[in-house]
Each structure stands twice: as C-alpha cells, then as structure tokens.
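# Structural overview for review
These are the residues of each chain, in order.
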Amino acid sequence: MAREIVLDTETTGFDPKTGDRLIEVGCIEIQDLLPTGRTFHRFVNPERLIPPDAIRVHGITDEKVKDAPKFAEIADELIEFIGDAQMIAHNAAFDRNFIDFEYSRCGRPITGEARWIDTLKLAQTRFPGMPNSLDALCKRYKVSLVERTLHGALIDARLLAEVYLELRGGKERVLDLSSAPVGRGPGGVIETAAYGQRSRPLAPRSTPEEQAAHVAFLAKALKDRSLWEAYGLPIQEDAA
C-alpha cells in the first residue's frame, strides 16, 4: 500500500545557505490516498533570532521557540515518522532545502529530490496560467480556511493534504466500478466490504430476443470478447 507524508515547514527566512533555519515542521500521514490520522508536529529552536518579516507571516516569536528542542534533538523522530514514504509539499524545493540542510547539519542522510512530490507543479499542470498558491487551491477546491489566520506548519500540512487528495482525484475516487468499497475499521485498519445477495433478484429488463441480438452484435463487432465473457456472456463464434 502507498504511504505518503504531506509536509510543511516554517522558517526564519528563504535560504538556509544564508543562515536561515527551520523553526517548525508538521507532517500528515496518508495511505492509499486516505488520511490515517497520524501526525508529527514540532517547534524547533533555530539557534538565532527570527526576523520581524518572518514573524508577520507565521506568528512564531523568539519567545515561543526559546525552550523548543534543537533540530538535532528531533531529527531521529522525524526520520522515523517519515520512514521510506514519499513526501508531498507545496513548492517542495523550499521545504526540501531546509529539511536536507538540517539533516546534513546533524549528520543524517538527506532525503534527495526523487522522494518529493511538488503539489505546486501538479497544480500548474492542471491549472496553467491560474493562481496556484495553497490559498488559491483551497478556495478552488472549497477547502475551508476558517482556522488559518497565520501560516503554521501543521495547519498548512492539513490543508495541503486535502488539496493533494483533490489533485489526485478527490471525491471522484469513490466512483470506481468495484463491488467492494473500501472503508476504515477499528484502529485505522483498511477493510473492504462486500455486498450481499439480494433477497429478491431483479428481473431482467431485456427480452430474450434483445439478449440474443446483443450477443450476435458482440460476436460480430468485437475481436477481444474476454471482457464480456467475464460478465457471464458466453459469445460463440456461430452467434453471428
């Protein structure tokens, strides 16, 4: 089953190479495009002052993170939570640069570009020439922004998870043709539910003559008859 981690970060600025540091990380776990309810959220002491411009964006002050753990103290927890899953982020290069910088700084293996899915690129492909910020996508997909007054890693990861599921098919994914819909049982275990037999089978809507004419048409028109035969319609060569 496909396990993915939707991730967002808040930072002191735009570029770790110029001294900016990560100050918050939030992760949402999804499996087979279904949220599992598992999350990871930590504030991080950046070991430097947070510029006023950054505080205006996310509201995280020096006072708020002065007693938070340094990144090296949470690195193993984060690595364990992410595991070998792919990571989803909006403008993923930004978050990847900070995560990989912090990993390198404390001697952990970097994630590498191949493990990341960029929802900004997905959105630009689907909606070329349109605004594709996270806010714009939330409004487009009617994802509520009522709880979001400032940027926050876990809040933004939750919003992004909803947007990502919409970009990957959203509610339309439940309209598959299988007879065993997927549900989630106790403890978050994915279960399949099979339909039972009808107590009184439905009568056929077509006459025997119409059925014979349909089989004759299929035998004449189709080269590969396996699909229809799988549904119980044996098509003989002499039906035509």
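Residues numbered from 1 in each chain as written. Predicted model: local features only at pLDDT ≥ 70, side-chain atom pairs only at ≥ 80, totals over all residues. Heavy atoms only, no water.

## Details of the pairing of strand 1 (residues 3-11)
Counting buried positions along strand 1 gives eight out of nine residues, so the element sits mostly inside the fold. For strand 1 and strand 2 (residues 22-31), the ladder comprises nine bridges, and the chain directions are antiparallel. Bridge pairing in strand 2 places Thr11 opposite Leu22. Inspection of the sheet shows strand 1 paired to strand 4 (residues 86-89) by three bridges, in the parallel sense. (Buried < 20%, exposed > 50% of the residue type's maximum accessible area, 1.4 Å probe, protein only. Helix = DSSP H or I, 4+ residues; strand = E, 2+ residues; numbered from the N terminus. Pairing = 2+ DSSP bridges.)

## A short note on the sheet that holds strand 2
Taken together, five strands build an open sheet; the order of strands is 3-2-1-4-5 and the sheet is mixed. Edge strands, defined here as strands with exactly one partner in the open sheet, are strand 3 (34-43) and strand 5 (116-118). Mean inter-strand twist for the sheet, computed between neighbouring axes without regard to direction, equals 25°. In terms of strand pairing, strand 2 meets strand 3 through seven bridges, oriented antiparallel. Bridging from a neighbouring strand, Gln31 pairs with Leu34 of strand 3. Those strands touched by helix 5 (residues 119-126) are strand 4 and strand 5, and its axis lies near 40° from that of strand 5. The strands touched by helix 7 (residues 153-167) are strand 1, strand 2, strand 3, strand 4 and strand 5; relative to strand 2, the strand with the most contacts, the crossing angle is about 35°. (Axes fitted to C-alpha atoms, helices over the stretch in contact; angles between N-to-C directions. Contact = heavy atoms within 4.5 Å.)

## Some remarks on the pattern of salt bridges
Applying the stated criterion to the full structure yields 12 salt bridges. Linking Lys70 and Glu47 is a salt bridge whose minimum nitrogen-to-oxygen distance equals 3.9 Å. With Lys70 in the loop between helix 2 (62-65) and helix 3 (71-82) and Glu47 in the loop between strand 3 and helix 1 (52-58), this pair connects stretches of sequence that are 23 residues apart. Among the residues examined, Lys70 registers a relative accessible area of 38% and is labelled partly exposed. Note on Glu47: relative accessible area 39%, which makes it partly exposed. Put simply, Arg108 and Asp76 hold a salt bridge, and the shortest N to O gap is 2.8 Å. Taken as a pair, Arg108 in the loop between helix 4 (92-105) and strand 5 and Asp76 in helix 3 lie far apart in primary sequence, 32 residues in all. With relative accessibility at 24%, the residue Arg108 sits in the partly exposed group. The structure contains a network of salt bridges with shared partners spanning Arg21, Glu47, Lys70, Glu102 and Arg105. (Salt bridge = Lys/Arg side-chain N within 4 Å of Asp/Glu carboxyl O.)

## What to know about the side chain of Thr11
By secondary structure assignment, the location of Thr11 is in strand 1. The contact partners of Thr11, leaving out residues within four places of it in the chain, are Arg21, Leu22, Ile23, Ala54, His58, Phe94 and Phe98.

## So, the packing of aromatic side chains
Going through the model one piece at a time under the given rule, you end up with four aromatic pairs. For the ring pair Phe71 and Tyr103, a centre distance of 5.8 Å and an interplane angle of 50° mean the geometry is tilted. On the criterion of sequence distance, the pair formed by Phe71 in helix 3 and Tyr103 in helix 4 is long-range, its members being 32 residues apart. Of the two residues, Phe71 and Tyr103, neither departs from the other in class, the shared state being buried. Relative to Tyr141, the ring of Phe127 has its centre 6.1 Å away and its plane inclined at 65°; by these criteria the two rings are edge-to-face. (Phe/Tyr/Trp six-rings, centres within 6.5 Å; stacked < 30°, edge-to-face > 60°.)

## Side note on the environment of Leu145
Within the secondary structure layout, Leu145 lies in the loop between helix 6 (134-140) and helix 7. In this structure the C-alpha to C-alpha distance between Leu145 and Ile155, which are 10 residues apart in sequence, comes to 9.5 Å. In contact with Leu145, not counting residues within four places along its chain, are Asp135, Cys138, Lys139 and Leu159.

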